[in-house]
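Working through the structure, step by step
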Amino acid sequence: MSDIIIRTEKLSRSFGENHVLRDVSISIPEKAVYAVIGQSGTGKSVLIKTIIGMLRPDSGRIWFKDRELSCLSSREMAPVRRFFGYSFQNAALFDSMNVGENLAFPLVEVLGMKNQGEIRKKVAELLDWIELPGIESKWPDELSGGMRKRVGVARALILNPEVLFFDEPTTGLDPVLAETINNLVVRVNKELSITCVMITHDIPAAFRIADKIAFLDQGYIIAQGSMTDLAVSDHPMVRDFIRISFNELKT
Ligand SMILES: Nc1ncnc2c1ncn2[C@@H]1O[C@H](COP(=O)(O)OP(=O)(O)OP(=O)(O)O)[C@@H](O)[C@H]1O
Ligand SMILES: [Mg+2]
């Protein structure tokens, strides 16, 4: 697990006067679960969107394996993005399409698949894998919050990515459902050997499932390492965040 699959060096991004990312340098080990934690509005989603090329950095560099992405044009970046799956913060399914069509969409639009039998097979296999078999004809608004999240993960998986990014996969779910989604992240990582990068507010879950954690505060990485490294961090913000998270668990 020691190879680094994604690395950023001094990544910065502002929106006008709002300096969201400041000199962010992170390294994500291949086949790891990597968690990004930090307060709301601190730049976690912007960091991930910048890595996958949805946003451009103002300065700094990004590598995927030995390929530098920060110097690629949008056209050059398009084939590289195929290696990345992205499960959006709000699951972002197309409401005008049923589940089967939602999952088939990347196969048709990105891969240009035309064989309906093959498409149906691939969609059915993935729905089986996320333990929601046979729900192809359901509409997104017929699904529970947890089901939507799982279908969102399935859609992010459908092009067989090497890295899957989860933006707050458990937010808004009750603790039991949140646990099933955390377990799904672990399954994606272990059974499919996919590197998982997860933004989460759930610090206890991050400690349980992540191999490495980055702590973002006001655009700066203030700590990065294994849970043991973070648990013994003497940074006051890190200590507070961890203490509050674990105390909340007890109440
Ligand atoms: N496209 C955009 N245009 C302008 N400002 C943006 C844009 N995207 C994000 N921001 C700003 O960047 C800052 C960080 O936003 P971001 O969504 O990364 O926070 P976050 O850490 O993911 O928060 P949360 O935990 O609430 O999801 C916020 O001040 C936000 O308003
Ligand atoms: Mg966010």
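Residues numbered from 1 in each chain as written. Chains lettered and ligands numbered in written order. Predicted model: local features only at pLDDT ≥ 70, side-chain atom pairs only at ≥ 80, totals over all residues.

Glancing now at helix α4 (residues 116-129). The terminal C-alpha atoms of α4 lie 20 Å apart, and with 14 residues this matches the ideal 20 Å at 1.5 Å per residue to within 8%. In the stretch just after α4, Glu131 is the one whose phi turns positive, near 65°. (Helix = DSSP H or I, 4+ residues; strand = E, 2+ residues; numbered from the N terminus. Expected span 1.5 Å × (residues − 1).)

This next bit is on the environment of Cys71. Here Cys71 shows up in the loop between β6 (67-68) and α2 (74-81). Placed 10 residues apart in sequence, Cys71 and Arg61 show a C-alpha to C-alpha distance of 7.9 Å.

Helical geometry: 3.6 residues make up each α-helical turn, so side chains three or four residues apart lie on a common side. End to end, helix α5 (residues 145-157) covers 19 Å across 13 residues, agreeing with the expected 18 Å (1.5 Å per residue, within 8%). Every buried residue of α5 is accounted for by Gly146, Arg148, Lys149, Arg150, Val151, Gly152, Val153, Ala154, Arg155, Ala156 and Leu157. Elements that come into contact with the buried residues of α5 comprise β7 (84-87), α3 (99-109), α4, β8 (163-167) and α6 (175-192). (Buried ≥ 20, exposed ≤ 12 C-beta atoms within 10 Å, placed from the backbone. Contact = placed C-beta atoms within 7 Å.)

Even without being glycine, Lys65 reaches a positive phi, approximately 55°. Tracing the chain through its elements places Lys65 in the loop between β5 (59-64) and β6. With a phi close to 65°, Glu131 is a non-glycine residue in the positive phi region. Turning to its location among the elements, Glu131 is positioned in the loop between α4 and α5. The exposure class of Glu131 is exposed, given the 10 C-beta atoms found within 10 Å.

Looking now at the sheet that holds strand β4 (residues 33-37). Reading across the sheet, the six strands line up as β7-β8-β9-β4-β10-β11 and stay open at both edges, with mixed pairing between neighbours. Only two strands of the sheet have a single neighbouring strand rather than two, namely β7 and β11 (220-225). This sheet shows a mean twist of 15° between the axes of neighbouring strands, independent of strand direction. In this structure, β4 lies alongside strand β10 (residues 212-217), joined through four bridges in parallel fashion. Across the sheet, the residue bridging to Val36 is Ala214, located in β10. On top of the sheet, α5 reaches β7 and β8; it is set at about 165° to β7, its chief contact. Helix-sheet contacts for α6 involve β4, β8 and β9 (195-199), and the interaxial angle to β9 is about 155°. (Pairing = 2+ DSSP bridges. Axes fitted to C-alpha atoms, helices over the stretch in contact; angles between N-to-C directions.)

Bringing the environment of Ala104 into the picture now. Topologically, Ala104 is positioned in helix α3. What makes Ala104 buried here is the crowd of 21 C-beta atoms within 10 Å. Through-space distance from the C-alpha of Ala104 to that of Ser25 is 36 Å; in sequence the pair is 79 residues apart. Each residue touching Ala104, except ones within four places of it in the same chain, is listed here: Ile119 and Val123.

Right, let's talk about the site of ligand 1 for a bit. Taken together, Phe15, Asn18, Val20, Ser40, Gly41, Thr42, Gly43, Lys44, Ser45 and Val46 form the complete shell of residues around ligand 1. Put simply, the parts of the chain that give the shell around ligand 1 at least two residues each are β2 (18-24) and α1 (44-51). Grouping the constituent residues of the shell around ligand 1 by class yields three nonpolar, six polar and one charged. (Near = placed C-beta within 6 Å. Nonpolar A, V, L, I, M, F, W, Y, C, P; charged D, E, K, R; others polar.)

Here the focus is the nonpolar core. Grouped burial of nonpolar side chains is what soluble globular proteins tend to show. Grouped together as the largest cluster of nonpolar side chains are 63 residues, with contacts concentrated most on Ala35, Leu164, Phe165, Cys196, Val197 and Phe215. When residues no more than four places from it in sequence are discounted, the contact partners of Val197 are Ile28, Tyr34, Val36, Ile48, Val163 and Phe165. (Core = buried A, V, L, I, M, F, W, Y, C linked by C-beta atoms within 7 Å.)

Next up on the list: the packing of α5 against α6. Orientation of α5 relative to α6, taken along the N-to-C sense of each, is 15°, at an axis distance of 10 Å. Regarding the angle of α5 to α6, the classification is roughly parallel. Between α5 and α6 lies a crossing whose hand is right-handed. Judged by residue contacts, Gly146, Lys149, Arg150, Val153 and Leu157 of α5 engage Leu177, Thr180, Ile181, Leu184 and Val188 from α6. Residue composition of the contact of α5 with α6, by class: six nonpolar, two polar and two charged. (Parallel < 35°, antiparallel > 145°, perpendicular 65-115°, else oblique. Left-handed = near helix turned anticlockwise from the far one by under 90°.)

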